[in-house]
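Structural overview for review
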Amino acid sequence: MAYYEPITEIGEARLVQKGSTFAEVTDDIAGVTETPAPRGWWIAFGLAMTFVGIFTFCVGYLFWRGVGVWGNTSPVFWAWDITNFVWWVGIGHAGTLISAILFIFRQKWRTAINRFAEAMTIFAVICALIFPGIHVGRPWMMYYVFPLPNQMTLWPNFKSPLLWDVFAVGTYFTVSLLFWYVGLIPDLATLRDRTTNRTRQVVYGLFALGWRGSNRHWRNYERAYLILAAISTPLVLSVHSVVSMDFATSVIPGWHTTIFPPYFVAGAIFSGFAMVETVLLIARSVFKLQRVVLMRHLELMNKFILFTSLLVGYAYSMEFFIAWYSGNRYEMAHFLHNRPAGPFWWAWVWMMVPNTLIPQLYWSKKMRTSIPVMFVVSIFVNIGMWFERFVIIVLSLNRDFLPSAWGYYRPTIIDVGTFTGTIGIFFAAFLLFMRWLPMVAMAEVKGTMPQADPHHGKHEAAHAEPAAAEGTLAAEGAE
Amino acid sequence: MEHAKATEQKIAPTVILAEFDDAGAALHAAEKVRDAGYSRWDTHAPFPIHGMDAAMGMKDSRLGWIVLGCALTGLTGAFIMMHWMNGIDYVTVVGDKPPGAPQTLPSMVPILFELTILLSAFGAVFGMLGLNQLPRHNHPVFASDRFRKASTDRFFISIEAEDPKFDVKATKEFLERMHPSHVEVVEEEVE
């Protein structure tokens, strides 16, 4: 988290608007949680809670009647439930990428968006975990996935990819939550110190754990942060790889593919960046965070979206090529016929166009720096990536081997209500987060500002080593 | 806490706070406190200051060793769990792999990995809190109202009364010589 001096020669710019002070950063970000919510917040929260209500009804009805209330039926036994699970887990991945992988690569610009992206990870993984929990038919038996002693003296089968998934997603959620919380501790202390309201002092104080900005603490804190980033990096790559093995270890054409793990990870990062952008653009305009979340950050995210779009497009093409090149007639029937020309051809188009074609707009600087364009593109990518999972799951199942076993799939209103309900849960949680917690990592942003450099400005003269001081002064003058 | 309140005799100093307006001043002051030989002292900043560890003469964090221990525990624990549950207590033969055979190892890799990561994360977070002796909500520095700015934009050096070299007058003068923007003797009632 060391200070950041832009290399102007290669076109780098400041991370925080020039002339901003530490106090302004605190005021901008902490102020959001201290003033009454704008009217827009209440409208959005009311809307989100409406969908939470719909979700509660749909899941209650599901528990009452059983999974028959969904459209899942022979031969499509996995449909929207698993599509939604994979979609939500994927969205979470960008959060970890931004908080961990970009931290390891010392990409200082991440400080503007990492808190936000980590929150998104946690809420997305909560939404994801709902689906395996409710799709099992008898959700009260869900504890069988855990290695707990039970009345049948049975243990879980550790050779099953579905069980790997339990451990992968469970670990992912726990580690993401810890990472997020560790990042929050210094900022919670800021909120505790600013407020005069007793309730806020007690609640924020409790969670700030008595943080006092001590350098003896920062030493261990920074090391803990580095270690968490270092272990989250392989973790995030493993999670969607394990999710993809739920499919790849089966023998269904369309699933039985070795390209799945990297392809799922690239898709996850792609969809996750799109979702971060959707939510960030709304929050930036509603809460006026233009001073911290600069166009430069948004443009970098768009470059990520373009890059991962190319990776995803490569994976799609490679699936087609290998289907043809393998000579396997079931593979060919699936990839060359059922996907582009089968009964769900429209779903395939919804996957291909938003994921591979629309992001190509970002080759143009004008497009990737236009707020309306990026908002629309991010929505398209979210939709396209949902359809990607729908294509993988439903289109592989609806026409497998024997034509006599083929079928069609139609979702029910309960499917739709459950899925839109989780979007409501996601946004409700997000709105609460934006209201009560600092949505930008204040301590980290301050650490990247020029004043954070102990050799910045007037203290050069007082520095013990004159040679070093001259060097810094020269650099200052050149700027 | 204002000095005016300190009228009773039962009040004793607990810590002296020197306040600085920027990171550089705090860093150079910390070098002087270190060289003066104080031991129970600290610096406080809204973000970690680059070079402050050296300025305070602190050693590297030991956290990595704690995490390494946790990682190895997670790895071996995961192996023992899977091997005992599927290979010894209730033999589950899947994919024609005999219990305990080396061929079962590849299928263990995901869970071996995940539990290694999970326990490392617990080690990193709870190890950090343990080394920092947090949570601790009652530190003497919190008695200062000005200290609330330490989490926004001020930098503090605190020297505790428990330091063997501590002397209210001498330490206060010592800190004042470093041109802080403010020096405060924090006092507390004692029994």
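The rules behind each value
- Residues numbered from 1 in each chain as written.
- Chains lettered and ligands numbered in written order.
- Predicted model: local features only at pLDDT ≥ 70, side-chain atom pairs only at ≥ 80, totals over all residues.
- Helix = DSSP H or I, 4+ residues; strand = E, 2+ residues; numbered from the N terminus.
- Buried ≥ 20, exposed ≤ 12 C-beta atoms within 10 Å, placed from the backbone.
- Contact = placed C-beta atoms within 7 Å.
- Rg over C-alpha atoms; globule rule 2.2 N^0.38 Å.
- Nonpolar A, V, L, I, M, F, W, Y, C, P; charged D, E, K, R; others polar.
- Axes fitted to C-alpha atoms, helices over the stretch in contact; angles between N-to-C directions.
- Parallel < 35°, antiparallel > 145°, perpendicular 65-115°, else oblique.
- Pairing = 2+ DSSP bridges.
- Left-handed = near helix turned anticlockwise from the far one by under 90°.
- Domains from an automatic or database assignment.

A few words now on the overall build of chain A. Counting secondary structure elements, chain A contains 16 helices and 0 strands. Principal-axis analysis of the C-alpha atoms places the extent of chain A at approximately 85 × 50 × 45 Å. Buried residues in chain A amount to 49% of all 479 residues. Long-range contacts, defined as pairs at least 24 residues apart, comprise 81% of the intrachain contacts of chain A with a sequence gap of at least 6.

Helix and strand content of chain B: 5 helices and 4 strands. For chain B, the sequential pattern of α-helices and β-strands runs β-α-β-α-α-α-β-α-β. A compact globule built from 191 residues should have a C-alpha radius of gyration of about 16 Å, whereas chain B, at 26 Å, is more than 25% larger. With the principal axes as the frame, chain B shows a C-alpha extent of 80 × 35 × 30 Å. The burial tally for chain B puts 41% of its 191 residues in the buried class.

Between chain A and chain B, the residue contacts involve 60 residues of the former and 60 residues of the latter. When residues of the side of chain A that touches chain B are traced back to their parent elements, those giving at least two are α1 (22-34), α5 (161-194), α7 (215-248) and α15 (442-447) of chain A. No other element matches α7 of chain A, which puts 16 residues into the side of chain A that touches chain B. For the side of chain A that touches chain B, a count of residues per class yields 31 nonpolar, 20 polar and 9 charged.

On to the packing of α1 of chain A against α5 of chain A. Residue and element names in this part refer to chain A. Interhelical geometry of α1 versus α5 gives an angle of 75 degrees and a closest axis separation of 11 Å. Between α1 and α5, the angle falls in the class roughly perpendicular. Contact with α1, carried on its side by Thr26, Ala30 and Thr33, involves Thr190, Leu191 and Arg194 of α5 and no other residues of that element. Residue composition of the contact of α1 with α5, by class: 2 nonpolar, 3 polar and 1 charged.

What follows covers the sheet that holds strand β2 (residues 41-44) of chain B. Residue and element names in this part refer to chain B. The sheet built from 4 strands is open, its strands ordered β2-β3-β1-β4 with antiparallel pairing. Among the strands making up the open sheet, the edge pair consists of β2 and β4 (182-189). For this sheet, the mean angle separating the axes of adjacent strands, direction not counted, is 25 degrees. With 6 bridges joining them, strand β1 (residues 11-20) and strand β3 (residues 155-160) adopt antiparallel strand pairing. Its bridge partner lying in β3, leucine 17 is registered against serine 158.

Next up on the list: the packing of helix α4 (residues 114-134) of chain A against helix α14 (residues 413-436) of chain A. Residues and elements named next belong to chain A. Between α4 and α14, the shortest axis-to-axis distance is 9 Å and the interhelical angle comes to 150 degrees. Between α4 and α14, the angle is such that the two are roughly antiparallel. When you trace α4 past α14, the crossing you get is right-handed. Contacts between α4 and α14 involve Ala119, Phe123, Ala124, Cys127 and Ile130 from the first element and Thr422, Ile425, Phe426, Ala429, Phe430 and Phe433 from the second. Split into classes, the residues belonging to the contact of α4 with α14 amount to 10 nonpolar, 1 polar and no charged.

Let's shift gears to the pairing of β1 of chain B. For β1 of chain B and β4 of chain B, the ladder comprises 8 bridges, and the chain directions are antiparallel. Pairing of glutamate 19 of chain B across the sheet is with histidine 182 of chain B, part of β4 of chain B.

Time to look at the domain arrangement of chain B. Accessible area lost upon the coming together of the parts is a frequently used measure of interface size. Taken domain by domain, chain B holds domain 1 (8-59 + 138-189) and domain 2 (63-131). Placing the centre of domain 1 of chain B and that of domain 2 of chain B at their C-alpha centroids yields a distance of 45 Å.

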